[in-house]
Amino acid sequence: MADTLTVTDNRTGKTYELAVTDGTINAMDLRKIRVSDDDFGLMAYDPAYKNTASCRSAITYIDGDQGILHYRGYPIEQLAVQSSFLECSYLLLKGELPSPSAMARFRHEVTHHTLVHENTRELLDGFRYDAHPMGMLISTIAALSTFYPEAQNVTNEENRWLQIVRLIGKVPTLAAYAYRHRRGLPYVYPDNELSYSGNFLNMLFKMTERTYVPNPAAERALDVLFILHADHEQNCSTSAMRGVGSSRVDPYSALAAACAALYGPLHGGANEAVVRMLNEIGTKDNIPSFVKRAKEDKNVRLMGFGHRVYKNYDPRAKVIKELAYDVFEALGKNPLIDIAVELERIALEDDYFIQKKLYPNVDFYSGLIYQALGLPMDMYPVLFAIGRTVGWLAQWEEMLRDPEQAISRPRQIYTGPAIRDYVPLSER
Ligand code: CMC
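Criteria and thresholds
Residues numbered from 1 in each chain as written. Predicted model: local features only at pLDDT ≥ 70, side-chain atom pairs only at ≥ 80, totals over all residues. Heavy atoms only, no water. Patch = residues over 30% accessible without salt bridge, like charges linked within 9 Å, V, L, I, M, F, W, Y side chains within 5 Å. Areas by Shrake-Rupley, 256 points an atom, 1.4 Å probe, with all protein chains shown as cover. Salt bridge = Lys/Arg side-chain N within 4 Å of Asp/Glu carboxyl O. Helix = DSSP H or I, 4+ residues; strand = E, 2+ residues; numbered from the N terminus. Buried < 20%, exposed > 50% of the residue type's maximum accessible area, 1.4 Å probe, protein only. Axes fitted to C-alpha atoms, helices over the stretch in contact; angles between N-to-C directions. Parallel < 35°, antiparallel > 145°, perpendicular 65-115°, else oblique. Left-handed = near helix turned anticlockwise from the far one by under 90°. Contact = heavy atoms within 4.5 Å. Domains from an automatic or database assignment. Buried area = accessible area lost by both parts, 1.4 Å probe. Pairing = 2+ DSSP bridges. Phe/Tyr/Trp six-rings, centres within 6.5 Å; stacked < 30°, edge-to-face > 60°.

(A) Broad picture of a nonpolar patch on the surface. Together, F40, M43, Y45 and I413 line one region of the surface with nonpolar side chains, adding up to about 430 Å² of accessible area. Tracing the sequence through the fold places M43 in the loop between β3 (24–25) and β4 (60–63). Since its relative accessible area comes to 33%, M43 is described here as partly exposed.

Below you can see the structure in the form of structure tokens.
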């Protein structure tokens with residue numbers, strides 16, 4: 001059987017044969033379907049890209065019905081238990097797990113790009129004392145482009161790699177600085193003796209001690225959370241990274257845009273919203289009435305539930321739920337976990353959630369761990385951004401290497417008024 005699609009245009013009676021490749025038709029083939037020579041040709045209308053593949057990608061594989069997530073072919077469950085965030089970063093960026101020497105080189109490169117220009121401190125000092133750390137992170141990432149003007153040369157592979165390791169190294173520093181600004185605490189310089197996650201904890205929490213020693217359970221939990229958030233194929237922020245990057249702007253500007261996309265409550269802001277929701281619910285007795293509201297009121301959602309792609313349990317949520325108990329054992333239990341577990345149980349038995357295939361997503365339990373680590377709620381999306389920085393960069397690199405890609409530019413169906421004459425203000 002040929003891999004084609006036969007379409008008959010009932011407006012003209014003409015029949016067309018369109019190639020089907022990888023279960024997909026090429027949208028440009030639709031343009032051959034016209035009613036007359038001056039017709040623009042057929043387009044696909046797809047608001048929110050619900051059924052449009054915008055690229056070919058070899059980075060992340062998701063099977064939303066089965067609840068499967070792979071990075072470069074490796075199951076997320078194996079990476080979460082056996083790998084480290086920096087090793088996964090190398091894997092996502094380069095396509096293969098590193099050899100021991102390549103790993104040591106990569107670790108050295110990232111570790112030696114963790115310092116940020118001292119002017120960044122002044123930039124942060126300009127923010128109000130209660131500025132949201134995501135706003136500060138987005139701004140300081142964008143500001144990095146002014147410190148590294150050579151980053152504009154996005155056609156040079158070596159130059160791109162330098163910016164990639166700089167960003168992986170510096171985003172945690174900017175994130176920690178934003179947190180310290182918010183707390184009115186002095187900024188802490190990176191400690192190159194510590195691991196990626198251990199150093200991040202150092203930059204967040206070091207007080208007057210000479211050397212900060214991270215809690216191993218907190219360090220490992222953070223590393224696993226970074227792994228789980230590292231990439232998730234063509235989501236809203238990654239599409240922003242690719243879309244903005246397709247104009248050939250420098251990666252700092254594109255990454256700031258991706259970070260801004262992540263800030264929204266329907267995306268990376270959901271982890272914060274989950275903890276707020278659990279606090280609002282307060283006790284297990286209030287769960288049924290909250291679930292009822294989430295079903296009946298279109299403005300109320302069960303945060304941390306549902307996903308555009310997963311129509312099954314999000315595999316990341318499974319790992320995080322287990323991780324939460326490990327963290328609580330080491331650092332003390334977060335009492336909200338009992339409400340979360342009960343809420344999950346009730347929702348998963350409820351017809352509304354069953355029929356709409358709404359399951360816990362990555363954000364449902366992650367906030368509870370961040371809270372146990374002593375982080376304030378508005379830092380949660382920042383933590384997501386640190387992990388996802390690697391995915392954004394891997395996707396940006398792949399986009400720039402792809403000869404089929406060009407500047408991102410969707411079409412529209414114009415629904416405004418037909419041509420009309422301007423009426424001067426005095427005559428209106
Ligand atoms: N609670 C209650 N109802 C829901 C929920 C929810 N969490 N999620 C979806 N629905 C309903 C929705 O009202 C709609 O019902 P109907 O068909 O009757 O209008 C139906 O389910 C389909 O929802 P949708 O909004 O059309 O689905 P989507 O694929 O556009 O949205 C989503 C996916 C993640 C934005 C959505 O499920 C949601 O808002 N969830 C809560 C926010 C959240 O947890 N976001 C984190 C996503 S995972 C990490 C990330 O991407 O950053």
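(B) Fine view of the packing of helix α11 (residues 270–281) against helix α17 (residues 380–401). Their axes nearest at 7 Å, the elements α11 and α17 cross at an angle of 150°. Relative to α17, α11 is oriented roughly antiparallel. Here α11 runs over α17; the crossing is right-handed. Every residue of α17 that contacts α11 at N271, E272 and V275 is listed here: Y380, P381 and F384.

(C) Expanded view of the domain arrangement of the protein. Assigned domains within the protein: domain 1 (85–264 + 375–401) and domain 2 (270–372). Placing a centre on the C-alpha atoms of domain 1 and another on those of domain 2 gives a separation of 27 Å. Counting from both sides, the interface comprises 19 residues of domain 1 and, opposite them, 22 residues of domain 2. Both faces considered, domain 1 and domain 2 share a buried interface measuring about 1,800 Å² in area, 69% of it formed by carbon and sulfur atoms. Considering only the surface of domain 1 that becomes buried against domain 2, L228, M377 and Y380 emerge as the three largest contributors, covering 35% of it.

(D) Expanded view of the sheet that holds β3. Across the sheet, three strands lie side by side as β1-β2-β3; this open sheet has antiparallel pairing. The sheet is open, and its two edges are formed by β1 (4–9) and β3, each paired on a single side. Direction of pairing for strand β2 (residues 14–21) relative to β3: antiparallel, over a ladder of two bridges. Looking across to β3, one finds that V20 is bridged to I25.

(E) Spatial organisation of the packing of aromatic side chains. Throughout the structure, instances matching the rule amount to 15 aromatic pairs. Here F106 and W161 contribute two aromatic rings whose centre-to-centre distance is 5.9 Å and whose plane-to-plane angle is 40°, an arrangement assigned as tilted. Separated by 55 residues along the polypeptide, F106 in helix α3 (residues 100–111) and W161 in helix α6 (residues 157–183) bring together distant segments of the chain. A single burial state applies to F106 and to W161, both of which are buried. Consider the rings of F305 and F364, whose centres lie 5.2 Å apart with planes at 85°: the pair is edge-to-face. Remark: F364 occurs in helix α16 (residues 363–372) and F305 occurs in the loop between α12 (287–296) and α13 (315–331); sequence separation between them is 59 residues. Residues F305 and F364 agree in their burial class; the two are buried. Every member of this aromatic cluster is reached through a ring pair, and the members are F305, Y352, F353, F364 and Y365.

(F) Up close: the pairing of β4. What you see with β4 is a clean split: T60 and I62 sit on the buried side and Y61 and D63 on the side with no burial. Summarising the sheet, β4 and strand β5 (residues 68–71) pair through four bridges and their orientation is antiparallel. Each bridged residue has a counterpart across the sheet, and for I62 the counterpart in β5 is L69. With antiparallel pairing between neighbouring strands as the criterion, β4 and β5 make up a hairpin whose turn holds four residues, including G67 at a positive phi of roughly 75°.

(G) Highlighting the pattern of salt bridges. Following the criterion strictly, the structure yields 22 salt bridges and no others. One salt bridge in this structure joins R166 and E150, with 2.8 Å as the shortest N-O distance. With R166 in helix α6 and E150 in the loop between α5 (133–147) and α6, the pair connects residues that are 16 residues apart, well separated along the chain. Relative accessible area serves as the criterion here: at 35%, E150 is assigned to the partly exposed category. Salt-bridge contacts for D338 lead to K333; the nearest nitrogen and oxygen are separated by 2.9 Å. For K333, a relative accessible area of 52% translates into the label exposed. Each of E157, R160, E397 and R401 takes part in a single network of salt bridges with overlapping partners.

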